[in-house]
Each structure stands twice: as C-alpha cells, then as structure tokens.
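So the chains spell out like this:
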Amino acid sequence: RDLHSFPTRRSSDLTVRAVLILPDGSVLIGGDFLTVNGVSSPHLARLSTNGAVDATFAVNLAGGFDGPVFGLAVQPGTVTNVIVAGQFSRAGALARANVARVALNGAVDVTFNAGAGDYVNKVTVQTNGKILLVGGFATMNGIAANHVARLNADGTLDYSINFGSGADQDIEAALVQFQDGRIVFGGSFTNFDGVTQPYFVRVNGGTNGGNGTFAYSAANYS
C-alpha cells in the first residue's frame, strides 16, 4: 500500500516476516513482534485500509500467538479464511502446532487442526483449494513428511499427492506455476526424493488414486 495513504507512521517492535493484503483491502502482518504502534498484537496484526491497528482482532484479544508467524495465505471459499504458519504452539486460547486458520476478524477456527512437527516457513493455497506447506518439519498430522506436505481444504493430510522422501533440509520457498501446476521449491536442501538437487527443484503437483491398467510397450513371444 502507498505509504502516503497512511495518516501516521506505523511500526512494530520486532521483525515483520509476512505481509498479506486481504480481500477488503486491509493488511495482515505476521512476524516476531509483540506490539504494533503500541497495540498488543503478539505475532499477528491486522491494519485497516488507513493503517490503523485493529484492536478488536479476535485472536489478539485471546492472547495472540505464542511464537513467530512466518507465512500467511488467503483461503477463499464460501467463507474467506487465512492460513497462518510459523513456529507456535498456541493460537489465541487454542493449542495449534505451527499451523492455524483464522477468520478475517481474527477468530481461530476450532475445526481446523493440522499439526506440523516443527516450524513452517511458507504456506501457499493452490487454485484447487489445497494447502501447500514447507519448512523445517519432518511430520505433518503425525505422518512422515520431510519438509513438505499438502493439506486438503479442511486441514487433513492430502494423500493424493506424493512427494516421496521429500527434502533433506529446510524448504524455505514454494511457488505453484500457473501455466501447468508444477511446484517450485527453494531452500537449503541438497537432495529431494533421493535425487541430488542443490537448493532448487521443480516437481510435477500429479495425483494418485483410482483404478489403473497394466500395459506393455511391446509383445515378447517365446
């Protein structure tokens, strides 16, 4: 947003790591901070279109997040929500392991309870509603998922995609190509699914499931 549209300067007390423009034009920021412009906003804050801090943001009225927020993504649907990712164990009054879903007013969704085994660096919501998460975790919802996992829209683990053995170190960035749906990852890894891939890899977003047929390329009579 143009800084000139803000009537006064806004500042947080510590690092801002994620910024998201919401559908109504307001701004959501996440990071290491505990306050924004003097208003208690532990790790997540909402700014109105004129830059004022929303002191009624529900999650902050309930104590905010207890750890830093690294990633934010809008999840469109019948009701628009925001997926929040980072390194936390609590969102408001609810226990949440590094991933949470909040409404636009900041209310934490009690029905969405995905759990990453360690911090999440980045969250991306694909056009099909699937939620792509990358970071330092080795499990997602208790299932092995080395640094990358995809969730269904309701937060359950998506078994229709298989990232194999995943990455051997952190994935810090993820982007879905609009043209073909392929997913690009970047990070500190040097190996992805058993193949040497230093720091950068592109994978095909493919699905498993349904009935298949077994076919041969050529007949071999003997």
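Before any of the text, the structure's been laid out above.
So, here is what we can say about the structure in this document. The shown structure was predicted, so the numbers you read here are calculated from the model rather than taken from an experiment.

1. Details of the nonpolar core
At step 1: With 18 residues, the main nonpolar core has Val99, Ile131, Leu133, Phe137, Met140 and Leu151 as its most contacted residues.
At step 2: At the level of secondary structure, the elements contributing two or more residues to this core comprise strand 7 (81-86), strand 11 (120-125), strand 12 (131-135) and strand 15 (148-151).
At step 3: With three residues, the single largest contributor to this core is strand 11.
At step 4: By size, the runner-up hydrophobic cluster in this structure holds 17 residues, among which are Phe65, Leu72, Phe88 and Val108.

2. A closer look at the sheet that holds strand 1 (residues 16-21)
At step 1: The three strands are arranged 1-2-5 in an open sheet whose pairing can be described as antiparallel. The outermost strands of the open sheet, each flanked by one partner alone, are strand 1 and strand 5 (44-47). The mean inter-strand angle of the sheet, taken between neighbouring strand axes irrespective of direction, is 20°.
At step 2: Bridge analysis of strand 2 (residues 27-31) against strand 5 gives four bridges, and the strand direction is antiparallel. Within strand 5, the position partnered with valine 27 by the bridge is leucine 47.

3. Observations regarding the sheet that holds strand 11
Working definition: the strands of a sheet are paired by backbone hydrogen bonds and lie parallel or antiparallel to each other.
At step 1: Spatial ordering of the open sheet is given by 11-12-15, a layout of three strands whose pairing is antiparallel. Both outer strands of the open sheet, strand 11 and strand 15, are each paired with one neighbouring strand and no more. Shown here is a sheet whose adjacent strand axes are inclined to one another by a mean of 20°, direction ignored.
At step 2: Sheet topology places strand 11 next to strand 12; five bridges connect them, and they run antiparallel. Paired with threonine 124 across the bridge in strand 12 is leucine 132.

4. A few points about the pattern of salt bridges
At step 1: Summed over all chains, the structure comprises six salt bridges.
At step 2: Its salt-bridge partner being aspartate 109, residue arginine 101 comes within 2.7 Å of it at the nearest N-O pair.
At step 3: For arginine 101, a relative accessible area of 10% translates into the label buried.
At step 4: Across the pair aspartate 158 and lysine 130 runs a salt bridge whose closest N-O atoms are separated by 3.5 Å. Taken together, the residues span a long stretch of sequence, with aspartate 158 in the loop between strand 15 and strand 16 (171-176) and lysine 130 in the loop between strand 11 and strand 12 at a distance of 28 residues.
At step 5: By relative accessible area, which is 5% here, aspartate 158 ends up buried.
At step 6: By sharing partners, the salt bridges in this structure join Lys130, Arg150 and Asp158 into a single network.

The rules behind these values
Residues numbered from 1 in each chain as written. Predicted model: local features only at pLDDT ≥ 70, side-chain atom pairs only at ≥ 80, totals over all residues. Heavy atoms only, no water. Core = buried A, V, L, I, M, F, W, Y, C linked by side-chain atoms within 4.5 Å. Buried < 20%, exposed > 50% of the residue type's maximum accessible area, 1.4 Å probe, protein only. Helix = DSSP H or I, 4+ residues; strand = E, 2+ residues; numbered from the N terminus. Pairing = 2+ DSSP bridges. Axes fitted to C-alpha atoms, helices over the stretch in contact; angles between N-to-C directions. Salt bridge = Lys/Arg side-chain N within 4 Å of Asp/Glu carboxyl O.

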